[in-house]
Amino acid sequence: MITNLGSTGERPGRRSADWFGTDDVNGFLHRSWMKNQGHPDRMFDGRPVIGIAQTFSDLAPCNGHFRELAEFVKRGVYEAGGFPVEFPVMSLGETIVRPTTMLYRNLAAMDVEESIRANPVDGVVLLCGCDKTTPSLLMGAASVDLPTIVLSGGPMLTGSFRGQPLGSGTDVFRMSEDVRAGRMSRDEFRDAESCMSRSAGHCNTMGTASTMASVVESLGMSLPHNAAIPAADSRRRVLAHETGARIVAMVAEDLRMSQVLTRQAFENAITVNAAIAGSTNAIMHLLALAGRIEVPLVLDDFDRIGADVPALVDLKPSGRFLMEDFFEAGGLPGLMATIAERLHLDIATVAGTVRDRIAAAPVWNRDVIRHVDDPVAAAPALAVLRGNLAPEGAVIKVSAASPELLDHRGPAVVVDSMEELYARFDDPDADIPVDAVLVLRNAGPKGYPGMPELGNLPLPKRLLEAGVRDMVRISDARMSGTAFGTVVLHVSPESAVGGPLALLRDGDVVHLDVHNRLLHAELDDEEWERRRLAWRPPTLEERGYVGLYRRHVQQAHLGADFDFLRGTRGDEVRGDNH
């Protein structure tokens, strides 16, 4: 059964030939040790080796079904004549990892980049699901720039509690505030846990996971309908099979990430993110990805490109429905067909042009995917703010905010940590006025570290009990894509490096004016300068990975990637291992 190799038949120029296509001691070692897993000799005959970047983990519940999905990817690879090899990369469980998965996004991206480059793979399938696995895998793969395709895990099925649908994340925040206000008991809150997460998959709201899956599809990095097929739907398995088959063809075509991730593709993604009222986190991740693939992209592009794009997808937290409804209504192809005149249609994707993918895409339910003249929320869904509180920018999800607070002036109530916040906000005697602007600082990339999703600050308990449902909140943190409220995020530069939030004091009057894109503290230049001279930087931990992170992470308006990882290094790796 074992034939004399002689010439292995490896095709010239294929990366895997450097490992499996030689007759020296290294070729012997590479092939022989792979054969101990049961691979027949013909698997080394020159067929493309397809890496499957696996982010399964029991500690990443969104990705808990990925071992099964990988098997369907392998079927497609085998069918198309490839050799699939599954390999693990760092998996980040958004619901579990402390202090925040954003701290480890760049570390996971480094793992992906080095794992791809160091191994004999000709093309890569990225298995993405939970929030940070999508951007980290894309960022790492972009730095290598091989033929690459994404398979997302899909959203969980719709949960129900007492006859009402539950949106993961969004309804958690709502019910939590109801408990604090005394409108819901803790036993009822506990009962809702088992009702919400009723299948494998990521959040079924238009949170960060669903947003990033939609961004992936709008960038052209996945097959159609990747964004919305539920995780438990058999069509997700079919998509996995087709994804495996397609990556083999992409290797034959030498269709690399850099040919798909063009400036026009990023503009499409920004437009789609506005139309789906997507997570503000997409801004951070797209900026970081663009830096890796060397596409010029800046924060103001999100405001300029999305300024006149209304929110058309009626999903929580900005609307009523959930991802299962979105899929049945036509999914992302239907949404993109609805806004086709705003998109670059003749650019490449991993399979055909954008025009090819959406040409016959139907919309079955216009309550879920609205017409442009009947939006969920008027443009813009997202806005970029500037002013003396955010000289490098800040962002707000307008579609999830209270309209009456979009032009608001009020006194600042400033806290330096969540511990201080709870102690102060839960005090029944706390003198916090209803028009106050709540400010959290020390929650940026360096200061926390890692920008936690704390931006949707809980409201003062006394005001909650009085019926207040929203207040203006400002921080250098991020916010869960499932959250809602009039929340200003990603204030840059952050307070820990001396940004203006560090100088703000209780009682300072803050003016938020979304229409004019303004975030301003009513202080004169002399007062700012006095406070700046008196400010002292906090003492920050410098040990291990956290120290590396703090020394090299960039500010939010640049995507919070490491400064030394911007740009594409390519796929070449030198030196024998024996």
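This text goes with the structure placed above it.
This is a predicted model, so every value here is computed, not measured. (Residues numbered from 1 in each chain as written. Predicted model: local features only at pLDDT ≥ 70, side-chain atom pairs only at ≥ 80, totals over all residues. Heavy atoms only, no water.)

A. Spotlight on the overall build of the chain. The helix and strand tally for the chain stands at 20 helices and 14 strands. Relative to the globule expectation of 25 Å for 578 residues, the C-alpha radius of gyration of the chain, 24 Å, shows essentially globular dimensions. Dimensions of the chain, computed from the C-alpha atoms along their principal axes, are close to 85 × 55 × 45 Å. The buried share among the 578 residues of the chain stands at 62%. Counting contacts in the chain only where the partners sit at least 6 residues apart, residues at least 24 apart contribute 76% of the total. Split by element, the accessible area of the chain, about 22100 Å² in all, is 51% carbon and sulfur. Charge separation in the chain, taken as the distance between the mean sites of 59 positive and 78 negative side-chain charges, equals 2 Å. (Helix = DSSP H or I, 4+ residues; strand = E, 2+ residues; numbered from the N terminus. Rg over C-alpha atoms; globule rule 2.2 N^0.38 Å. Buried < 20%, exposed > 50% of the residue type's maximum accessible area, 1.4 Å probe, protein only. Contact = heavy atoms within 4.5 Å. Areas by Shrake-Rupley, 256 points an atom, 1.4 Å probe, with all protein chains shown as cover. Lys, Arg positive; Asp, Glu negative; His and termini not counted. Charge placed at Lys NZ, Arg CZ, Asp CG, Glu CD.)

B. Region of the structure containing the sheet that holds strand β2 (residues 83-88). With respect to topology, four strands assemble into an open sheet ordered β2-β1-β3-β4, the strand pairing being parallel. The open sheet has two free edges, formed respectively by β2 and β4 (148-152), since each of these has just one partner strand. With direction set aside, neighbouring strand axes in the sheet form an average angle of 20 degrees. One ladder, built from four bridges, connects strand β1 (residues 49-54) with strand β3 (residues 123-128); its direction is parallel. Directly across from Ile52, in β3, lies its bridge partner Val125. Packed on one face of the sheet, helix α5 (residues 133-144) meets β1, β3 and β4 and runs near 165 degrees to β3. Its contacts with the sheet put helix α9 (residues 234-253) on β1, β3 and β4, and the angle it makes with β4 is roughly 175 degrees. (Pairing = 2+ DSSP bridges. Axes fitted to C-alpha atoms, helices over the stretch in contact; angles between N-to-C directions.)

C. Fine view of the pattern of salt bridges. Going through the model one piece at a time under the given rule, you end up with 46 salt bridges. Where Arg370 meets Asp314, a salt bridge forms, and the shortest distance between an N and an O atom there is 3.0 Å. Linking Arg370 in the loop between α16 (354-358) and β7 (382-387) with Asp314 in the loop between α13 (299-306) and α14 (323-329), this pair joins segments that are 56 residues apart in sequence. Via salt bridges that share partners, Glu113, Glu114, Arg117, Arg292, Asp561 and Arg569 belong to a single interconnected network. (Salt bridge = Lys/Arg side-chain N within 4 Å of Asp/Glu carboxyl O.)

D. Looking closely at helix α19 (residues 525-534). Burial in α19 covers these residues: Glu527, Trp528 and Arg531. Down the axis of α19, the buried set is contained in an arc of 100 degrees. They therefore lie on one face. Across α19 from its buried face, at more than 90 degrees, point the exposed residues Asp525, Glu526 and Leu533. Here the buried face of α19 lies against β14 (518-521). (Arc of directions from axis to C-beta.)

E. Quick peek at the side chain of Arg441. Note on placement: Arg441 falls in the loop between β10 (437-440) and α18 (461-465). The exposure class of Arg441 is buried, given its relative accessible area of 14%. Of the polar contacts made by the side chain of Arg441, one reaches the backbone oxygen of Leu504; its length is 2.8 Å. (Polar contact = N/O pair within 3.5 Å; in protein donor to acceptor, adjacent residues only side chain to side chain.)

F. Just the pairing of strand β8 (residues 390-397), in detail. With respect to burial, β8 is a largely interior element, six of its eight residues being buried. For β7 and β8, the ladder comprises five bridges, and the chain directions are antiparallel. Bridge pairing in β8 places Ala383 opposite Ile396. A loop of two residues connects β7 with β8, the two strands running antiparallel in sequence. Bridge analysis of β8 against strand β12 (residues 487-492) gives three bridges, and the strand direction is antiparallel. Bridging from a neighbouring strand, Val395 pairs with Leu489 of β12.

G. Here's a closer look at the packing of helix α4 (residues 102-118) against helix α20 (residues 544-552). It is at 11 Å that the axes of α4 and α20 come closest, and there the two elements cross at 90 degrees. Considering the angle they form, α4 stands roughly perpendicular to α20. Listed contacts from α20 to Met102, Leu103, Tyr104, Asn106 and Leu107 of α4 are Tyr545, Val546 and Tyr549. Per-class residue counts for the contact of α4 with α20 are seven nonpolar, one polar and no charged. (Parallel < 35°, antiparallel > 145°, perpendicular 65-115°, else oblique. Nonpolar A, V, L, I, M, F, W, Y, C, P; charged D, E, K, R; others polar.)

H. The arrangement of the packing of aromatic side chains in detail. Overall, the coordinates contain seven aromatic pairs when judged by the stated rule. Where Phe44 meets Phe83, the ring centres are 5.6 Å apart and the plane angle is 90 degrees; that geometry is what we call edge-to-face. Here Phe44, found in the loop between α2 (25-35) and β1, pairs with Phe83, found in strand β2; they are 39 residues apart in sequence, far enough to count as distant. A network of ring pairs unites the aromatic residues Tyr104, Tyr545, Tyr549, Phe562 and Phe564 as a single cluster. Here the basic side chain of Arg67 rests over the ring of Phe56, its NZ or CZ set 4.2 Å away from the ring centre. (Phe/Tyr/Trp six-rings, centres within 6.5 Å; stacked < 30°, edge-to-face > 60°. Lys NZ or Arg CZ within 6 Å of the ring centre and 35° of its normal.)

I. Focus on α5. The terminal C-alpha atoms of α5 lie 17 Å apart, and with twelve residues this matches the ideal 16 Å at 1.5 Å per residue to within 8%. Within α5 the residues assigned to the buried category are Thr133, Thr134, Pro135, Ser136, Leu137, Leu138, Met139, Gly140, Ala141, Ala142, Ser143 and Val144. Backbone geometry just downstream of α5 places Asp145 in the positive-phi region, at approximately 65 degrees. (Expected span 1.5 Å × (residues − 1).)

J. Molecular detail of the packing of α4 against helix α12 (residues 281-293). At a minimum axis separation of 13 Å, α4 and α12 run at an interaxial angle of 30 degrees. Taken together, α4 and α12 sit at an angle that is classed as roughly parallel. Relative to α12, α4 is oriented so that their crossing is right-handed. Here Met102, Arg105, Ala109 and Glu113 of α4 come into contact with α12, specifically with Met284, His285, Ala288 and Arg292. For the contact of α4 with α12, the class distribution of residues is four nonpolar, one polar and three charged. (Left-handed = near helix turned anticlockwise from the far one by under 90°.)

K. Local environment of the side chain of Asn281. Along the polypeptide, Asn281 turns up in helix α12. Among the polar contacts made by the side chain of Asn281, one reaches the side chain of Glu453 at a distance of 3.2 Å. Beyond its immediate chain neighbours, meaning those up to four positions away, Asn281 contacts Thr208, Glu453, Arg478, Met479, Ser480, Gly481 and His490.

L. Seen up close, the layout of surface pockets. Estimated volume of the second largest pocket: approximately 430 Å³. Lining the second largest pocket we find 20 residues, and of these Phe20, Met34, Gln37, Val85 and Pro120 sit closest to its centre. Breaking the lining of the second largest pocket down by element, the ones donating at least two residues are α1 (17-20), α2, α3 (66-79) and β2. Here the lining of the second largest pocket is composed, by residue class, of twelve nonpolar, six polar and two charged. (1 Å grid on protein atoms, 1.4 Å probe; cavity = no way out; pocket = protein on both sides within 12 Å on 5 of 7 lines; lining within 4 Å. Points joined across faces, edges and corners; volume = space filled by probe spheres on them.)

M. Local environment of the pairing of β10. Across the two faces of β10 the burial is the same, with Val437 and Val439 and Leu438 and Leu440 all buried. Relative to β10, strand β9 (residues 407-415) runs parallel, the two being bridged by four bridges. Paired with Val414 across the strands is Val439, a residue of β10. Pairing geometry for β10 and strand β11 (residues 473-475), over three bridges, is parallel. When the sheet's bridge partners are listed, Leu440 is paired in β11 with Ser475.

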